[in-house]
Amino acid sequence: MFAVHLMAFYFSKLKEDQIKKVDRFLYHMRLSDEALLDIMSRFQAEMEKGLGKDTNPTATVKMLPTFVRTIPDGSEHGEFLSLDLGGSKFRVSKVQVSQEGKRNVQMESQFYPMANEVIRGNGSELFEYVAGCLADFMETKDLKHKKLPLGLTFSFPCRQTKLEEGVLLSWTKKFKARGVQGTDVVSCLTKAMKKHKDLDVDVLALVNDTVGTMMTCAYDDPYCEVGVIIGTGTNACYMEDISSIDLVEGDEGRMCISTEWGAFGDDGALEDIRTEFDRELDLGSLNPGKQLFEKMISGLYLGELVRLILLKMAKAGLLFGGKKSSTLHIKGKIETRHVAAMEKYKEGLANTREILTDLGLEPTEADCIATQHVCTIVSFRSANLCAAALAAILTRLRENKKLTRLRTTVGVDGTVYKIHPQYPKRLHKVVRKLAPNCDVRFLLSESGSSKGSAMVTAVGCRLQAQRKQIDQVLALFHLTRAHLEGVQAKMRAELEYGLKRETHQRATVKMLPTYVCGMPDGTEKGKFLALDLGGTNFRVLLVKIRSARRSVRMYNKIFAIPLEIMQGTGEELFDHIVQCIADFLDYMGLKGARLPLGFTFSFPCRQASIDKGILIEWTKGFKATDCEGEDVVDLLREAIKRRNEFDLDIVAVVNDTVGTMMTCGYEDPNCEIGLIAGTGSNMCYMEEMRNIEVVEGDEGKMCINTEWGGFGDNGCIDDIRTQYDKEVDEGSLNPGKQRYEKMTSGMYLGEIVRQILIDLTKQGFLFRGQISERLRTRGIFETKFLSQIESDRLALLQVRRILQQLGLDSTCEDSIIVKEVCGAVSRRAAQLCGAGLAAIVEKRREDQKLEQLRMTVGVDGTLYKLHPHFSRILQETVKELAPQCDVTFMLSEDGSGKGAALITAVAKRLQQARKEN
């Protein structure tokens, strides 16, 4: 028993001594946590350098865009070919991707040898060999009658400008084929395939093996957005925000970046951690001075590092009694598979003895223990370095997403990771230590690169098909020059119908006379009350006008109009209005004053004088009973009488559009048109009295309230109305009415977008095909969201947050599509408004018989003011359709309230002038 204990003590002491001896000899290969954090920081700086357009040329980590923009979503299906070129064997596969209720991939593969004369010979011969292997495979598998899309996994650094194109930057590993560097490898392959007349194959994707690994794992786990290869070579890829990639146009969405991290340190950034063995290995390699990080990590080099260390220790008399075998001097005699075998948990020591004996050595027990520890230090350093760079990538992903904690999956492939018994555990442990805020799952890739290139091809096919169908939907909202000229001509015809006595009744554009016959001339002065009713808020204003410096001061209070009053009885509505007036008069201390009042009433009214307005119909969600067909001024007067507290001189009933024109006309005498582009849409302008057949007299001008929102109610623009417009119309309070307004105004644009999103989701193009309950809710997608989503300053992450507020769990790709939908809908709205306005300015030019017209348009409304592109597109459309009209757009400040007061002031001035005459 004592002898057993003695032997155990001797053996443990022997082991301890040998380990200490190796530790002292390989001291520089041991990396502390501080050193790893420092390497991680250096790698992050290199990533930034690689992503920048100006710094990329000098960056060692090239951060190559792959043009893979999305991971699989599970809806991919079809048959694909896959080529995998990058190792000692070339692989051709047929990949069948199908859903069948669950994600399912079936592969048939054939391996072909890659002889040294092929990989180091002429480039054209290399690709002819590849094409010949593909032809053989298709013959064997009876596929020559099919036209199949192909993905090429090409495991060498390429600069890509599109998914199906890549220029080889440099060969790595053992490849050295001449005449390929600096050329497009897809073109080389296509040229070689053309020599086989019976090959009918389209190369749709060029993929790095690392990207293939990520895509393979992402098919099984949607959280996978990082791929790592630790095999013959090493590399990593991950999904980066396009806004951070200077080398690629655009800032929408994400793209997979192949870091090409093997070259990290080629600029000397890792000299402090490289050892004499690393330098000796590098000098003896095919590419001295290059891929220095890879040479400390990957399977092509780990065995050689161990050989060089053992040789040096033997020369120093620290191993094998100072004896060296001739075999130990031969480069490549120790491979990474030997290193893995020597580190096995139980059999490792026996394996070590066998391997060293095969090298012609006579190792003692101590030599075997020391050799085993050399292997551990070399492979542990490899795992540590890999972990530091991977932790840098994970930290960047977390920061890109602005998360305090990231949940993600890393797809991994490569022989070192797969066959080395300790490697995965070491790597995982160090990554979690260096990136503590990342919850990382490591997923081993099965048939990674081949399956991955097929997945990229499948995703490409899916996106092509989706893009085609999405484009078909968006094309419905694309208006050509001919469309817009048609709208302009039809609007012009409707304007004329509305002005003529015979056709006025059946015109959709009502062309209502407002009895506003003059513009402000600067002599207006006094105190006026103004009311502004047109939406869910009601304003009461006191407006003080001074003629001396054309100054206007306003005091106002805003009151809510509850929905039950908007859609209750007329009496309740006007009693509520009078209650608000009473509160305002109390607030301003004006209870007993009898002030002239202008009433901005933003609904279509037929006027017989400036102080009479018969409501034609409610719009914008109002439905108060017993009002349509009644004079709203009389309804207001009766409500004032019922209250019996004060009396007011109601001088004018005014549309908000007219108020906008008058407000701007006060500043600019050229302003004779008013436009509202907000909750509703409308236009007014000063028309020659001689053209207004429904009003007596032909001297001077009168403002016409077009009420153009009803344009198209007779079906004249049905050719540009979409199924989505019809759905919005049918679900509105007034089906079949205000069709133009429903295509152009803020009250409806968000609802049109919602209908499109529902349709695209049903087709599986958005939100993973899941229609949320909130998306089903009418009115949930307000027009303000269009303005926010289309903002040029808004990153896609913020767009996703807006969608998440609406209960829509979106991806970056979803956000891009939603942004496109919003853009198509708002662009069409602005163009339609512009076509309508062009009809009016052209009419004014022709009426005045001018070659060139100068005119100012006063504009108000949230859509025009707040949407980032609406005003620009509207103005461009007017310029295009009315080139002989020089139109200035003037934004109205407090248009409707101030305008009502100015109209009242002008009316008072004209009344006084008539009295004096």
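The structure we're discussing is the one just above.
Small disclaimer: the values here were computed from a predicted structure and weren't measured.

1. With respect to empty space enclosed by the protein
Take a probe with the size of a water molecule and roll it over the atoms, and the empty space left behind shows itself.
Turning to step 1, where the next piece is worked out: Using the criterion set out here, one finds 3 cavities of 30 Å³ or more in the structure.
Turning to step 2, where the next piece is worked out: Estimates place the volume of the largest cavity at around 110 Å³.
Turning to step 3, where the next piece is worked out: Residue lining of the largest cavity: 15 residues in total, with Ser-602, Lys-620, Ser-681, Asn-682 and Glu-741 positioned closest to the centre.
Turning to step 4, where the next piece is worked out: Secondary structure elements with two or more residues in the lining of the largest cavity: α19 (656–667) and β23 (681–688).
Turning to step 5, where the next piece is worked out: Of the residues assigned to the lining of the largest cavity, the class counts are 3 nonpolar, 8 polar and 4 charged.
Turning to step 6, where the next piece is worked out: Here the second largest cavity defines a volume of roughly 80 Å³.
Turning to step 7, where the next piece is worked out: Lining the second largest cavity are Leu-64, Pro-65, Thr-66, Phe-154, Phe-156, Cys-158, Gln-160, Leu-206, Val-207, Asn-208, Ser-258 and Glu-260.
Turning to step 8, where the next piece is worked out: Taken together, the elements giving at least two residues each to the lining of the second largest cavity come down to β1 (64–65), β6 (158–162) and β8 (201–207).
Turning to step 9, where the next piece is worked out: Split by residue class, the lining of the second largest cavity holds 7 nonpolar, 4 polar and 1 charged.

2. Some points on the sheet that holds β1
Turning to step 1, where the next piece is worked out: Pairing in this open sheet of 6 strands is mixed, and the strands run β1-β11-β10-β9-β12-β13 from one edge to the other. Of all strands in the sheet, those with a lone pairing partner are β1 and β13 (438–444), marking the two edges.

3. Focus: the nonpolar core
Most often, soluble globular proteins keep nonpolar side chains buried together rather than apart.
Turning to step 1, where the next piece is worked out: Core analysis: the largest hydrophobic core is formed by 109 residues, its most contacted members being Ile-230 and Trp-261.
Turning to step 2, where the next piece is worked out: A total of 18 residues in this core trace back to one element, the largest contributor, which is helix α11 (residues 365–400).
Turning to step 3, where the next piece is worked out: When neighbours within four sequence positions are excluded, Ile-230 is seen to be in contact with Ile-297, Cys-386, Val-412, Asp-413, Gly-414, Thr-415, Val-416, Tyr-417, Tyr-423 and Leu-427.
Turning to step 4, where the next piece is worked out: Counting 85 residues, the second largest nonpolar core, distinct from the first, contains Ile-692, Ile-758, Leu-803 and Ala-839.

4. Details of the packing of helix α10 (residues 348–358) against α11
Turning to step 1, where the next piece is worked out: Contact geometry of α10 with α11 gives a least axis separation of 9 Å together with a crossing angle of 105 degrees. The orientation of α10 with respect to α11, classified from their angle, is roughly perpendicular. Each of Gly-348, Leu-349, Thr-352, Arg-353 and Leu-356 in α10 lies in contact with α11, whose residues at this interface are Glu-365, Asp-367, Cys-368, Ile-369, Thr-371 and Gln-372.
Turning to step 2, where the next piece is worked out: Tallied by class, residues from the contact of α10 with α11 come to 4 nonpolar, 4 polar and 3 charged.

Each value, and the rule that gives it
- Residues numbered from 1 in each chain as written.
- Predicted model: local features only at pLDDT ≥ 70, side-chain atom pairs only at ≥ 80, totals over all residues.
- Heavy atoms only, no water.
- 1 Å grid on protein atoms, 1.4 Å probe; cavity = no way out; pocket = protein on both sides within 12 Å on 5 of 7 lines; lining within 4 Å.
- Points joined across faces, edges and corners; volume = space filled by probe spheres on them.
- Helix = DSSP H or I, 4+ residues; strand = E, 2+ residues; numbered from the N terminus.
- Nonpolar A, V, L, I, M, F, W, Y, C, P; charged D, E, K, R; others polar.
- Pairing = 2+ DSSP bridges.
- Core = buried A, V, L, I, M, F, W, Y, C linked by side-chain atoms within 4.5 Å.
- Buried < 20%, exposed > 50% of the residue type's maximum accessible area, 1.4 Å probe, protein only.
- Contact = heavy atoms within 4.5 Å.
- Axes fitted to C-alpha atoms, helices over the stretch in contact; angles between N-to-C directions.
- Parallel < 35°, antiparallel > 145°, perpendicular 65-115°, else oblique.

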